[in-house]
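Chain by chain, the residues:
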Amino acid sequence: MPVVKISNYYRNQLLFNGHLQTIYPAIFRKKVDLPFERERIKTPDGDFLDLDWLKGGSNSLVIISHGLEGNSQRPYMTGMAKVFFDAGYDVLNWNFRGCSESMNTKPIFYHSGASYDLDHVVSHASTRYSDIHLVGFSLGANITLKYLGETFWESKKNIKKAIAISVPLDLGGSCDKIDQLKNKLYAFNFLHSLKQKIKKKAKVFPEKFSTKQLSKINTIRAFDNEFTAPLHGFGDADDYYSKCSSLHYLPKISHPTLVLNARNDPFLSNSCFPIVKEEYSENLFFEYPKHGGHVGFSPRTGQERFWSETRALEFIQSQNIN
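Along each chain, the written sequence defines residue order, and numbers are assigned to residues from 1. Per-residue local features of the predicted model are confined to residues with pLDDT of at least 70, and side-chain atom pairs are confined, for both listing and counting, to 80 or more; whole-chain, interface and lining totals are unaffected and use all residues. As a rule here, side-chain values come from all non-hydrogen atoms in the structure, and water together with hydrogens is ignored.

A. Region of the structure containing the overall build of the protein. A count of helices and strands for the protein gives 9 helices and 9 strands. When its C-alpha atoms are laid out on the principal axes, the protein stretches across 55 × 45 × 40 Å. Expressed as a percentage of the 322 residues in the protein, the buried residues total 60%. Only heavy atoms enter the contact rule, under which two residues are in contact if any of them lie within 4.5 Å. Taking as baseline every contact in the protein between residues at least 6 positions apart, the subset at least 24 positions apart corresponds to 77%. For the protein, the exposed area adds up to about 14,200 Å²; of that, 52% sits on carbon and sulfur atoms. Elements are defined by DSSP. Helices are runs of H or I of four residues or more, strands are runs of E of two residues or more, and each kind is numbered from the N terminus. Note on classification: 1.4 Å probe, protein chains only; a residue is buried when its accessible area is under 20% of the maximum for its type, exposed when over 50%, partly exposed between these limits. In these tables, accessible area is a Shrake-Rupley quantity obtained with a 1.4 Å probe, and a residue counts as shielded only by the protein chains included in the view.

B. The packing of helix α3 (residues 115-126) against helix α4 (residues 139-149), seen in detail. Orientation is described by axes fitted as lines to C-alpha atoms, over the contacting stretch for helices, and by angles from 0 to 180 degrees between their N-to-C directions. Put simply, α3 and α4 touch, their axes get as near as 9 Å, and they point 75 degrees apart. By the angle between their directions, the pair α3 and α4 is classed as roughly perpendicular. Contacts between α3 and α4 pair S115, L118, D119 and V122 from the former with I143, T144, K146 and Y147 from the latter. Gly falls in the polar group here, along with every residue not listed as nonpolar (Ala, Val, Leu, Ile, Met, Phe, Trp, Tyr, Cys, Pro) or charged (Asp, Glu, Lys, Arg). Each residue belonging to the contact of α3 with α4 can be placed in one class, and the counts come to 4 nonpolar, 2 polar and 2 charged. Each angle is binned into one of four classes, with values under 35 degrees roughly parallel, values over 145 roughly antiparallel, values of 65 to 115 roughly perpendicular, and all other values oblique.

C. Layout of a nonpolar patch on the surface. A grouping of Y24, I27 and F28 is seen on the molecular surface, where their side chains present a nonpolar patch of about 350 Å² in accessible area. Mapping I27 onto the fold places it in helix α1 (residues 18-28). On the basis of relative accessible area, I27 is assigned to the exposed category, the value being 56%. To count toward a patch, a residue needs a relative accessible area over 30% and no salt bridge; like charges are then connected within 9 Å, while nonpolar side chains (Val, Leu, Ile, Met, Phe, Trp, Tyr) are connected within 5 Å. Salt bridges are defined by distance alone: a side-chain nitrogen of Lys or Arg within 4 Å of a carboxyl oxygen of Asp or Glu.

D. Quick peek at the nonpolar core. Throughout, nonpolar core names a set of buried Ala, Val, Leu, Ile, Met, Phe, Trp, Tyr and Cys residues whose side chains join them through atoms within 4.5 Å. Membership of the largest hydrophobic core comes to 67 residues, with the highest contact counts inside it found for I63, I132 and L134. It is helix α6 (residues 184-204) that contributes the most residues to this core, 7 residues altogether. Not counting residues within four places of it along the chain, the set of residues in contact with I63 comprises L92, W94, V121, V122, A125, I132, H133, L134 and V135. Counting residues in hydrophobic clusters, the runner-up holds 28 residues, among them V62, L258, A262 and F285.

E. The arrangement of helix α8 (residues 237-244) in detail. The set of residues buried in α8 consists of A237, Y240, Y241 and C244. The buried residues of α8 all sit within an arc of 95 degrees when viewed along its axis, so they share a single face. Summarising the contacts, the buried residues of α8 are in contact with α4, α5 (171-178) and α7 (220-231). Taking the backbone nitrogen of D238 as reference, a side-chain oxygen 3.2 Å away marks D236 as the first, capping residue of α8. For this quantity, the arc is that covered by the directions from the helix axis to the C-beta atoms. Two N or O atoms count as a polar contact when they lie within 3.5 Å, although within protein this holds only if one can serve as hydrogen donor and the other as acceptor, and sequence-adjacent residues are included solely when both atoms are side-chain atoms.

F. Spotlight on the pairing of strand β7 (residues 159-165). Taking burial as the measure, the 7 residues of β7 include 6 buried ones, the bulk of the element. With 6 bridges connecting them, strand β6 (residues 131-137) and β7 associate as parallel partners. Counterpart to F137 in the pairing with β7 is I165. Look down the strands so they point away from you; if the path from the first strand over the helix to the second goes clockwise, the crossover is right-handed. Handedness of the crossover joining β6 and β7 through α4 is recorded here as right-handed. Bridge analysis of β7 against strand β8 (residues 257-260) gives 4 bridges, and the strand direction is parallel. Bridging across to β8, A162 finds its partner in T257. Strands were regarded as paired on the criterion that DSSP finds at least two bridges between them.

G. Quick peek at unusual backbone geometry. A positive phi is found at S138, a non-glycine position, where the angle reads about 55 degrees. You can see S138 is positioned in the loop between β6 and α4. Located in the positive-phi region is S166, a residue other than glycine, with phi close to 55 degrees. Inspection of the secondary structure assignment puts S166 in the loop between β7 and α5.

So this is what it looks like as structure tokens:
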């Protein structure tokens, strides 16, 4: 049976709800300056991915995947990278297609089920490292779990452990939660960024991208139905959510994996906190802190690490996994 762990996370007293715990670090947390080395690799379909490396000569590598409309240099990404780099690991923060400073060249983007790109990154890293750990945030966490639950990737042989933080296990439920009136600020910010990318793509691929409906799209679900799903081979948004939700891939995950979701995460529906089932691997560990927000988990004081970073390092380094 999988394990459900009682969390020891205690919130900052000033951040008293999930919205504050989400927004405060997103706005006020500063990026950590680290000696990243940029590498661009080609994808099998002729596109590219931009990778940011921290190399210290370690035999162990941590690959970190960002969230929706994030990138390798977001503060939550560099913060996690610093914790592992300081602990002696090499680190790889990677950018999804179109998320680095350069727009990707194909008439597609990234999406919540793009495990093929994570596989390509892991395969590339496996030529140098035989001891690899994965950390994913939000959309990147969903990709991570889906990748681990798919049985056909040969690159998984070098994966040791994984951590999924603030993961929308049920994409449809999470999408509808973000689209609720009380969460419209989040949806507006995401849609503004996504629409800008559509406008840029339309200039290069006018036959693939129509901007006529952009002004009428006011929800994430509508955007996915109009663009994300058809661009990436899905029938509609429901088909996309059904096939890509990592909730469906949990039974096949055999690597020690921690799922870390805050109960007050404004992005996550109740379906993102699944009841533990017997068919789930005993290597799955679910931790649902009462507080934390979305990709939050701010420290109680300014001098402490973010709790999710401490918890991730603890899980990776633990001999008796818990």
